[in-house]
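Summary of structural features
Each chain, letter by letter, is given below.
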Amino acid sequence: MTTAHPVQELDVQPSPLALLLLGRDADPRSERGVECPGDLPSPSDPDLVERARAAKEKLGGKVFVLGHHYQRDEVIQFADVTGDSFKLARDAAARPEAEYIVFCGVHFMAESADILTTDDQKVVLPDLAAGCSMADMATAEQVAECWDVLTEAGVAEQVVPVSYMNSSADIKAFTGRHGGTICTSSNAKRALEWAFEQGEKVLFLPDQHLGRNTAVRDMGMTLEDCVLYNPHKPNGGLTAQQLRDAKMILWRGHCSVHGRFSVESVNDVRARIPGVNVLVHPECKHEVVAAADHVGSTEYIIKALEAAPAGSKWAIGTELNLVRRLANRFAAEDKEIVFLDKTVCFCSTMNRIDLPHLVWTLESLAEGNLVNRIEVDPETEKYAKLALERMLALP
């Protein structure tokens, strides 16, 4: 006889920004805010699931649906593969027979998929307003100005750029042009080790926390080895001497989700759940990473929970959709999995991809109408691909 296990409810309370965080509103300062060129089906349509299934079945092998780990369950159920951004882009490249790549993620992820797939494949983003606030914190113009500052300080020739996968195609192309590489949260240490073999300093874009955590926690540098370049201040808010003394020049960018976690969150969950293991993403602040028991990428988090013994307790510091999915998945194994913070922490832009947008996209493609195509221009693609290839060649 099989015992039914109740769905776990995570102890979270909606914040004042709940509607935005749930993707029901828009923040014009950080999102592209592009309206769909067609009429979306109503979220209350009881036939949405069947409509998505029918359209996907009609398209058959012509469509390949990618679902990022942070997507809603209603969307994930239609994904052919799930994973982090780079894994999904590589999965798309391994399916050259698929004419349409529907990327249920955010804009920079779809750009990476377009860079790595063939010219005959068309990458589609169900909602063009699904941007990434972190990626938007570093524009091509700002980074070019930064390089001018480094040049004037006499250090540009010593600097190797390393850009996080969570960056625009323009930033990846800048990185490729200047001899740098891309990294993920899984291989950031290897990327930095490679970069320091090429030069004396690293310009790390656009997530300051991943750069700082990797340099200090994983490579033995000090916080004094790192300086923070602020693109909104003259010369980045730094003196020429500070740039000459630094090993790591960190861009002032961050993830709006992971940046919310605090040491107070860690202390609170330890007080509430004796014996809890605190596991956080390296995009969290340095003090949060220092206070945690385990630190790792999204894939690391999933594998750690898969390997965890029955009866163990875990507080996870990453996006809520994934934490909730993992809590439900491992409930049958008596693993207690809670969210590190007590307030809602969805990725607002990732959550813009909902079932109505997916249905609209699939039905449009099934009717022969190409919508919301993401296409990187050839010159940008050339240098962005060069930076990605350097990452793929890392030992």
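Before reading further, recall that the structure is shown in the block above.
Residues numbered from 1 in each chain as written. Predicted model: local features only at pLDDT ≥ 70, side-chain atom pairs only at ≥ 80, totals over all residues. Heavy atoms only, no water.

All right, on to the overall build of the protein then. Broken down by element type, the protein carries 17 helices and 14 strands. For the protein, with 395 residues in total, the buried portion stands at 58%. Considering only residue pairs separated by 6 or more positions, the protein has 70% of its internal contacts joining residues 24 or more positions apart. For the protein, the accessible surface area stands at approximately 16,800 Å², while carbon and sulfur atoms represent 48% of it. (Helix = DSSP H or I, 4+ residues; strand = E, 2+ residues; numbered from the N terminus. Buried < 20%, exposed > 50% of the residue type's maximum accessible area, 1.4 Å probe, protein only. Contact = heavy atoms within 4.5 Å. Areas by Shrake-Rupley, 256 points an atom, 1.4 Å probe, with all protein chains shown as cover.)

As a further point, take the side chain of K335. In this fold, K335 is placed in the loop between helix 15 (320–329) and strand 13 (336–339). Taking the relative accessible area as the measure of exposure, K335 reaches 2% and is therefore buried. There is a polar contact of 3.3 Å between the side chain of K335 and the backbone oxygen of E306. One polar contact links K335 to E333, side chain to side chain, over a distance of 2.9 Å. (Polar contact = N/O pair within 3.5 Å; in protein donor to acceptor, adjacent residues only side chain to side chain.)

With that settled, consider the pattern of salt bridges. Per the counting criterion, the structure on display carries 16 salt bridges. A salt bridge links R325 to D73; the nearest nitrogen and oxygen atoms lie 2.7 Å apart. In this pair, R325 is assigned in helix 15 and D73 in helix 3 (residues 73–76), connecting sequence segments 252 residues apart. Residue D73 is classed as partly exposed on the basis of its relative accessible area, which comes to 41%. (Salt bridge = Lys/Arg side-chain N within 4 Å of Asp/Glu carboxyl O.)

All of the buried residues along helix 12 (residues 263–272) are S265, V266 and V269. Viewed end-on, helix 12 has its buried residues packed into an arc of 100 degrees, placing them on one side of the element. Along helix 12, the residues that are exposed and aim more than 90 degrees away from the buried face are E264 and A271. Packing partners of the buried residues in helix 12 comprise strand 10 (277–280), helix 13 (286–291), strand 12 (313–317) and strand 13. (Arc of directions from axis to C-beta.)

Turning our eyes to something else, we now look at helix 15. Counting buried positions over the 10 residues of helix 15 gives seven, a clear majority of the element. Restricting attention to buried positions, one finds in helix 15 the residues L320, N321, L322, V323, R325, L326 and A327. The inward-facing, buried residues of helix 15 abut helix 3, helix 14 (298–307), strand 12 and strand 13. Here helix 15 starts with a cap whose side-chain oxygen sits 2.7 Å from the backbone nitrogen of N321, and that cap is E319.

Okay, the packing of aromatic side chains next. Ring pairs (aromatic) are described by centroid distance and by the angle formed between their planes. Counted according to the given criterion, the structure contains three aromatic pairs. Consider the rings of W147 and F174, whose centres lie 5.6 Å apart with planes at 80 degrees: the pair is edge-to-face. With a gap of 27 residues between them, W147 in helix 7 (residues 140–152) and F174 in helix 8 (residues 169–177) connect regions that are remote in the sequence. Of the two residues, W147 and F174, both sit in the buried class. Measuring from centroid to centroid gives 5.6 Å for F261 and F339, while their planes differ by 70 degrees, and the two rings are edge-to-face. A residue pair is termed long-range when its members are at least 10 positions apart, and F261 in the loop between strand 9 (248–251) and helix 12 and F339 in strand 13 qualify at 78 residues. Pair check on accessibility: F261 and F339 agree, each one buried. (Phe/Tyr/Trp six-rings, centres within 6.5 Å; stacked < 30°, edge-to-face > 60°.)

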